[in-house]
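Remarks on the overall topology
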Amino acid sequence: MLKISCEYQSSFPEQFVTVSEFKEFTLKEKSSSFIAQVFRVDSPEQFDEILSEVKKKYFDASHHCFAYRLINNRMKYSDDGEPHGSAGIRILNAIDHYNLNDVAVIVIRYFGGTKLGVGPLGKAYFNAANLVLEKAKKINLFLCQRVDVEINFNHINYLHQLVKNFNIIIEDSNFSNNASYKLLIKREYLEKFMADFQNIFNSTSVIIITKEFFYIQL
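Here the structure is a predicted model, which means the values were calculated and not measured.

**A look at the overall build of the protein**
The helix and strand tally for the protein stands at 5 helices and 11 strands. By the compact-globule yardstick of 17 Å for 218 residues, the protein is too spread out, its C-alpha radius of gyration being 23 Å. With respect to the three principal axes, the spread of C-alpha positions in the protein is 75 × 25 × 25 Å. Expressed as a percentage of the 218 residues in the protein, the buried residues total 46%.

**Description of the packing of aromatic side chains**
Tallying each qualifying case throughout the model produces 12 aromatic pairs. Relative to tyrosine 125, the ring of phenylalanine 34 has its centre 5.0 Å away and its plane inclined at 85°; by these criteria the two rings are edge-to-face. Taken together, the residues span a long stretch of sequence, with phenylalanine 34 in strand S4 (residues 32-40) and tyrosine 125 in helix H3 (residues 118-135) at a distance of 91 residues. Of the two residues, phenylalanine 34 and tyrosine 125, both sit in the buried class. Seen in terms of ring centroids, phenylalanine 197 and phenylalanine 201 are 4.4 Å apart; in terms of plane orientation they differ by 40°. Their pairing is tilted. What makes phenylalanine 201 buried here is its relative accessible area of 6%. By the ring-pair criterion, three or more aromatic residues cluster together here, those being Phe166, Tyr189, Phe193, Phe197 and Phe201. Positioned above the aromatic ring of phenylalanine 142 is the side chain of lysine 186, whose terminal nitrogen or guanidinium carbon lies 4.1 Å from the ring centre.

**What to know about the sheet that holds S4**
Strand order in the open sheet formed by 5 strands is S3-S4-S7-S5-S6, and the pairing between neighbours is antiparallel. Two strands lie at the open edges of the sheet, namely strand S3 (23-29) and strand S6 (75-78), each paired on one side alone. The sheet shows a mean angle of 15° between the axes of neighbouring strands, taken without regard to direction. Examined bridge by bridge, strand S5 (residues 63-69) and S6 share 4 bridges and lie antiparallel to one another. Of the residues in S6, the one forming a bridge with arginine 69 is methionine 75. Relative to the sheet, helix H2 (residues 88-97) contacts S5, S6 and strand S7 (103-110), its axis offset from that of S5 by approximately 40°.

**A closer look at unusual backbone geometry**
Despite not being glycine, asparagine 73 shows a phi value in the positive range, around 75°. When you line up the elements, asparagine 73 lands in the loop between S5 and S6. Notably, aspartate 80 is not glycine yet its phi reads approximately 45°, a positive angle. Considering the arrangement of structural elements, one finds aspartate 80 in the loop between S6 and H2.

**Digging into helix H1 (residues 44-57)**
Between the first and last C-alpha of H1 there are 20 Å, a value that for 14 residues agrees with the 20 Å anticipated at 1.5 Å per step. For H1, the full list of buried residues reads Pro44, Phe47, Ile50, Leu51 and Val54. Buried residues of H1, viewed axially, fall in a sector of 120°; they line one side. The outward face of H1, more than 90 degrees from its buried face, is lined by the exposed residues Glu45, Glu49 and Lys56.

**As for helix H5 (residues 187-200)**
Between its first and last C-alpha, H5 extends 20 Å over 14 residues, near the 20 Å set by a 1.5 Å rise per residue. By the largest-angle criterion, phenylalanine 193 marks the main kink of H5, which is about 25°. Taken together, the buried positions of H5 are occupied by Leu190, Phe193, Asp196 and Phe197.

**Let's talk about the environment of alanine 67**
Relative to the helices and strands, alanine 67 resides in strand S5. Given a relative accessible area of 0%, alanine 67 falls into the buried group. Here the alpha-carbon distance between alanine 67 and isoleucine 89, two residues 22 residues apart in the chain, equals 7.2 Å. Discounting chain neighbours no more than four positions away, the residues touching alanine 67 are Lys76, Tyr77, Gly88, Ile91, Leu92, Ile95, Val103, Ala104 and Val105.

**Digging into the pattern of salt bridges**
One pass over the full model with this rule turns up 7 salt bridges. Between arginine 146 and glutamate 212 there is a salt bridge, and its shortest N-O distance comes to 2.5 Å. Of this pair, arginine 146 sits in strand S8 (residues 138-151) while glutamate 212 sits in strand S11 (residues 206-216), placing them 66 residues apart in sequence. Classification of glutamate 212 by relative accessible area gives partly exposed; the value is 36%. One salt-bridge network, held together by shared partners, links Arg146, Glu171 and Glu212.

About the thresholds
Residues numbered from 1 in each chain as written. Predicted model: local features only at pLDDT ≥ 70, side-chain atom pairs only at ≥ 80, totals over all residues. Heavy atoms only, no water. Helix = DSSP H or I, 4+ residues; strand = E, 2+ residues; numbered from the N terminus. Rg over C-alpha atoms; globule rule 2.2 N^0.38 Å. Buried < 20%, exposed > 50% of the residue type's maximum accessible area, 1.4 Å probe, protein only. Phe/Tyr/Trp six-rings, centres within 6.5 Å; stacked < 30°, edge-to-face > 60°. Lys NZ or Arg CZ within 6 Å of the ring centre and 35° of its normal. Pairing = 2+ DSSP bridges. Axes fitted to C-alpha atoms, helices over the stretch in contact; angles between N-to-C directions. Contact = heavy atoms within 4.5 Å. Expected span 1.5 Å × (residues − 1). Arc of directions from axis to C-beta. Bend = angle between axes of the 7 residues up to and from the residue. Salt bridge = Lys/Arg side-chain N within 4 Å of Asp/Glu carboxyl O.

Below, the structure written as C-alpha cells:
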C-alpha cells in the first residue's frame, strides 16, 4: 500500500493519477540522444535532489531539461539552455496529456552535431517525454482521512461490515478493554460512514475524526 501524508487543502481532488516507479526511455533523433526519465515526486525539494543526482551522473550531457507537476498545483519547467519554449513546456505538455500529478520528467540530451530547428526540437522533447510516460505504470491515489474508533468486542463484526462496504483500510488495531481501530476512509465516504456508524453502535462507542490526511493506493 502506497500512503502519502499531506496537509489537506480544500482544492485537493478526491483522487489523482501518478506513476508508481522510475522509468527510462531513449529517443534518437538525427544523431542526438534524448534520455527521458520519469520519477514520482511530492515536493520541489525532493525533485531538486533528484535533478542534482541526474546532473552528476550525466555531467557530460548537453542539456538537462525537465518539468514537474504536483498535486498542490505547483509546477516548474526548464529549457536548460535550449531555445525558449522548445523543451521544458513540451515536457510539461506530455505530463498533462496523461493528466498526471506528483510526477517529474527529466530529458537528458546528448547533442549529436546536427541542429534540429526549434519545431523539430520541441517535437523530440515531447516525444521522448510522452514515450517514457506511456511506458510508466500508472496508479490511482485516493484522498483518505484517518478515523479512530473504539467499540465493544461484541460489535467487531458490524465494524468489519462497514470496512467492507466503504473499502476502508484498517491501519492499526488494538484489543484491550475494548476494540480500538485506526481507519483510513475515503473523504467522499466519510459522511455516510459516520451516519451508518452512529446508527449501528451505541453510546459506549467512541469515534474521533482526526485532521490527518493521506493519499492512498487502494
